[in-house]
Amino acid sequence: MRRCFLLAAGFFMLFTFSAYAQQKIAYIDIKQVIRDSKAGKAANASFQKEVEAKRAVIEQKRKALEDMRQDVIQNGAVMSESKRRNLAETIEKKQKDMERTREDIRIELQRKDLQLTQNVLKDIEAIVNKIGQEEGFDIIVEKTEAGILFGSPATDITKKVISVYDASR
């Protein structure tokens, strides 16, 4: 009885492994597609331009705040107590305003980055589906998310996806 069970289990495993061996599988490195495709580069350039503009806003506020602090340091001894106190309160308010602005900008930039990335990913998904159907792939996995430590270059369709994506733009 035990021998029959082992024999049946062996045939089942052989059948299962042979079914998997016949599947056409490929992988893609999404990060590389985003980094190297024309659309990904354009999205990154647009995002970096916005980051620099926001950085300039923060720098302008920081400079104004620093100028006020320097004014207190240089002229504090000759200022009246009420003027010094008012200036200290103004500096504190501007410091809080700058911190709030910095946080608002950080959140805004995170949203913008997520939106740009999602737009590119949506396009990539359509292209991967098209390639998968046209070339008869059973499975296409993402290299880093699937935890692929090694994959044959023959099963890597990343460059093909970049090529098709760039041609569609």
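Residues numbered from 1 in each chain as written. Predicted model: local features only at pLDDT ≥ 70, side-chain atom pairs only at ≥ 80, totals over all residues. Heavy atoms only, no water.

(A) Highlighting the pattern of salt bridges. Scanning the model with the defined rule gives 11 salt bridges in all. The shortest N-O distance in the salt bridge between Glu 92 and Lys 96 comes to 3.5 Å. Of the two residues, Glu 92 and Lys 96 both sit in helix H4 (residues 81-135), four residues apart, roughly one turn of that helix. (Salt bridge = Lys/Arg side-chain N within 4 Å of Asp/Glu carboxyl O. Helix = DSSP H or I, 4+ residues; strand = E, 2+ residues; numbered from the N terminus.)

(B) The packing of helix H3 (residues 38-75) against H4, seen in detail. Two elements in contact, H3 and H4, have axes separated by 10 Å at closest approach and are oriented at 175°. Of the possible angle classes, the one that applies to H3 and H4 is roughly antiparallel. Its residues placed into classes, the contact of H3 with H4 shows 16 nonpolar, three polar and 12 charged. (Axes fitted to C-alpha atoms, helices over the stretch in contact; angles between N-to-C directions. Parallel < 35°, antiparallel > 145°, perpendicular 65-115°, else oblique. Nonpolar A, V, L, I, M, F, W, Y, C, P; charged D, E, K, R; others polar.)

(C) Expanded view of helix H5 (residues 158-167). Within H5 the residues assigned to the buried category are Thr 158, Val 161, Ile 162, Tyr 165 and Asp 166. When H5 is viewed along its axis, its buried side chains cluster within an angular range of 130° and face the same direction. Exposed residues lying more than 90 degrees from the buried face of H5 are Lys 159 and Ala 167. Against the buried residues of H5 lie strand S1 (25-28), helix H2 (30-36), H3 and H4. (Buried < 20%, exposed > 50% of the residue type's maximum accessible area, 1.4 Å probe, protein only. Arc of directions from axis to C-beta. Contact = heavy atoms within 4.5 Å.)

(D) Representation of the nonpolar core. With 22 residues, the main nonpolar core has Ile 28, Val 33, Ile 124, Ile 131, Ile 157, Val 161 and Tyr 165 as its most contacted residues. Of all the elements in the fold, those that place two or more residues in this core are S1, H2, H3, H4 and H5. No other element matches the eight residues that H4 contributes to this core. Core analysis: the second largest hydrophobic core is formed by six residues, Leu 65, Met 68, Leu 87 and Met 98 among them. (Core = buried A, V, L, I, M, F, W, Y, C linked by side-chain atoms within 4.5 Å.)

(E) Representation of the layout of surface pockets in the model. Counted as a void, the largest pocket has a volume near 170 Å³. In terms of lining, the largest pocket is formed by Ile 28, Ile 30, Leu 121, Ile 124, Glu 125, Val 128, Asn 129, Gly 132, Ile 140, Val 141 and Glu 142. (1 Å grid on protein atoms, 1.4 Å probe; cavity = no way out; pocket = protein on both sides within 12 Å on 5 of 7 lines; lining within 4 Å. Points joined across faces, edges and corners; volume = space filled by probe spheres on them.)

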